[in-house]
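Observations on the model geometry
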Amino acid sequence: QVQFVESGGGLVQPGGSLRLSCVASKSFFRFVTMGWYRQAPGKQRELVAQITPSDTTNYADSVKGRFTISRDNAKKMVYLQMNSLNTEDTAGYYCNTAPGPRDTWGQGTQVTVSS
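Nothing here was measured: the structure is a model prediction, and the numbers come from that model.

Definitions and limits used
Residues numbered from 1 in each chain as written. Predicted model: local features only at pLDDT ≥ 70, side-chain atom pairs only at ≥ 80, totals over all residues. Heavy atoms only, no water. Pairing = 2+ DSSP bridges. Helix = DSSP H or I, 4+ residues; strand = E, 2+ residues; numbered from the N terminus. Axes fitted to C-alpha atoms, helices over the stretch in contact; angles between N-to-C directions. Buried < 20%, exposed > 50% of the residue type's maximum accessible area, 1.4 Å probe, protein only. Disulfide = S-S within 2.5 Å. Salt bridge = Lys/Arg side-chain N within 4 Å of Asp/Glu carboxyl O. Polar contact = N/O pair within 3.5 Å; in protein donor to acceptor, adjacent residues only side chain to side chain. Contact = heavy atoms within 4.5 Å.

**Notes on the sheet that holds strand β9 (residues 91–97)**
In space, the 6 strands of this open sheet follow the order β2-β10-β9-β4-β5-β6, with mixed pairing throughout. Each edge of the open sheet carries a strand with a single partner, namely β2 (10–12) and β6 (57–59). Across the sheet, the mean angle from the axis of one strand to that of its neighbour is 25°, orientation sign disregarded.

Quick look at the structure:
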């Protein structure tokens, strides 16, 4: 069964913004910490943001101050507002539990930052 479905990526110019969305299919959602991960070709997967069931957030230094993670437990959704994007943010973005992801990943959504 699909657990996570991501959307909202696209092509954006440096300095632009995107809002990513993820919907979880299972009822465990409201009980677990969720995160947004990204992975670019040739790079390790990076957990860029996470949010607990009580809305405590943590961010990787690379995105702190630019990205905001939020969640809607009733809708089983988690969001990532991405501002001041730069080329280093180019990657596939995935949602999953955090800091330890489940083995099954969604298809992700591609974010490309380019002039």
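Back to the write-up after that little detour.
**Concerning the sheet that holds strand β1 (residues 4–7)**
If you walk across this open sheet you meet the 4 strands as β1-β3-β8-β7, and the pairing is antiparallel. The open sheet has two edge strands, β1 and β7 (67–72), and neither has a second partner. Neighbour-to-neighbour, the strand axes of this sheet turn through a mean angle of 15°, independent of strand direction. Of the pairings in the sheet, the one linking β1 to strand β3 (residues 18–24) comprises 4 bridges and is antiparallel in character. If you follow Val5 over to β3, its bridge partner there is Val23.

**Remarks on the pairing of strand β10 (residues 109–113)**
Residues of β10 alternate between two faces, with Thr109, Val111 and Val113 buried on one and Gln110 and Thr112 left unburied on the opposite face. As paired strands, β2 and β10 are joined by 3 bridges and run parallel to one another. In the strand pairing of β10, Val12 is matched with Val113. Pairing geometry for β9 and β10, over 3 bridges, is antiparallel. Along β10, the bridge assignment pairs Gly92 with Gln110.

**Some remarks on the state of the cysteines**
Summed over the entire model, instances satisfying the criterion amount to 1 disulfide. Between the sulfur atoms of Cys22 and its disulfide partner Cys95 the distance amounts to 1.7 Å. For the disulfide bridge between Cys22 and Cys95, the dihedral angle about the S-S bond is near 55°, and by the sign convention the bridge is right-handed. Separated by 73 residues along the polypeptide, Cys22 in strand β3 and Cys95 in strand β9 bring together distant segments of the chain. Here the two residues Cys22 and Cys95 agree in accessibility, since each one is buried.

**Remarks on the pattern of salt bridges**
Applying the stated rule across the entire model yields 5 salt bridges. A salt bridge links Lys43 to Glu88, with the shortest nitrogen-to-oxygen separation between them at 3.5 Å. Of this pair, Lys43 sits in the loop between β4 (34–39) and β5 (46–51) while Glu88 sits in the loop between β8 (77–82) and β9, placing them 45 residues apart in sequence. On the accessibility criterion, Glu88 (53% relative accessible area) is exposed. Each of Arg38, Glu46, Arg66 and Asp89 takes part in salt bridges that share partners, so that together they form one network.

**As for the side chain of Thr97**
As for its position among the elements, Thr97 is in strand β9. A distance of 3.5 Å separates polar atoms of two side chains, one belonging to Thr97 and the other to Asn96. What Thr97 contacts, discounting residues up to four positions off in sequence, is Phe4, Phe28, Val32, Thr33, Met34, Gly35, Tyr37 and Arg102.

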